[in-house]
Amino acid sequence: MILDYVLGTIISSFFIRIGRGNRSKSEASRYDSTSGRINRRIGSRKNARRIPKGVIHVQASFNNTIVTITDVRGRVISWSSAGTCGFKGTRRGTPFAAQTAAGNAIRTVVDQGMQRAEVMIKGPGLGRDAALRAIRRSGILLSFIRDVTPMPHNGCRPPKKRRV
């Protein structure tokens, strides 16, 4: 019984490969067996949405700055970080890297028609002010700027002090 099942799966996968011919797996999923041609998408769905209002999240740590832009429901539209902008090592934590990351993330959403935004800033890093400056310069109207840095109410015990 088990042997029949194993042989059946091997044989069925063999015939699936033969039926697919020399097409890749992604092409085979788009292949319409009734008409014998590949279904292609017309146009791009990614840039079709117009977003008038959004939320800009800036996460500034000491090592990197990540800028994420979402719509009001929280779906990510665009994002960038100092690392993706080409900064390596300690340069990722600099204000200039944060400014470049914010500019890259905002450029795509301005093209999609964003005019108003809320800004949520999180973290203690050096890129906080520089990213905010880049957002202000982009021409998007800011409805409010909120600091959402998590503050413990005396939560976890801190690590022991360093002895140098």
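If you check an unreviewed UniProt entry, the chain appears there as Small ribosomal subunit protein uS11c from Periophthalmus magnuspinnatus. UniProt, in the comment section headed Subcellular location (unreviewed entry), describes the chain in these words: "Plastid". Regarding the chain, the UniProt comment filed under Sequence similarities (unreviewed entry) reads as follows: "Belongs to the universal ribosomal protein uS11 family."

*Asks:* Could you give me a rundown of helix H3 (residues 95-111), with the residues and numbers involved?
*Replies:* A rise of 1.5 Å per residue sets the reference length of H3, with its 17 residues, at 24 Å; its end C-alpha atoms lie 25 Å apart and thus fit the reference within 8%. All of the buried residues in H3 are Ala97, Ala98, Ala101, Ala102, Ala105, Ile106 and Val109. Buried residues of H3, seen end-on, are gathered within an arc of 155° and therefore sit on one face of the element. For H3, the exposed residues lying more than 90 degrees away from the buried face are Phe96, Arg107 and Asp111.

*Asks:* With reference to specific residues and values, describe the nonpolar core.
*Replies:* Ranked by size, the top nonpolar core spans 21 residues in total, and within it Ile56, Val58, Ile69, Met114 and Ile135 carry the most contacts. Counting residues per element, the ones that place at least two in this core are strand S3 (53-60), strand S4 (65-71), H3, strand S6 (116-122) and helix H4 (127-137). Those residues in contact with Ile56 that sit more than four places away from it in its chain are Val67, Thr68, Ile69, Ala117, Glu118, Val119, Met120 and Ile135.

*Asks:* Now, about the pattern of salt bridges: what can you tell me, with residues and values included?
*Replies:* In this structure the tally under the stated criterion is three salt bridges. For the salt bridge of Lys53 with Glu118, the shortest nitrogen-to-oxygen distance reads 2.9 Å. With a gap of 65 residues between them, Lys53 in strand S3 and Glu118 in strand S6 connect regions that are remote in the sequence. Among the residues examined, Lys53 registers a relative accessible area of 31% and is labelled partly exposed. For Glu118, a relative accessible area of 15% gives the class buried. Ionic pairing is found between Arg75 and Asp71, a salt bridge with its closest N-O pair at 3.0 Å. Relative accessible area serves as the criterion here: at 40%, Arg75 is assigned to the partly exposed category.

About the thresholds
- Residues numbered from 1 in each chain as written.
- Predicted model: local features only at pLDDT ≥ 70, side-chain atom pairs only at ≥ 80, totals over all residues.
- Heavy atoms only, no water.
- UniProt positions renumbered as here; feature names shortened; annotations may be inferred.
- Helix = DSSP H or I, 4+ residues; strand = E, 2+ residues; numbered from the N terminus.
- Expected span 1.5 Å × (residues − 1).
- Buried < 20%, exposed > 50% of the residue type's maximum accessible area, 1.4 Å probe, protein only.
- Arc of directions from axis to C-beta.
- Core = buried A, V, L, I, M, F, W, Y, C linked by side-chain atoms within 4.5 Å.
- Contact = heavy atoms within 4.5 Å.
- Salt bridge = Lys/Arg side-chain N within 4 Å of Asp/Glu carboxyl O.

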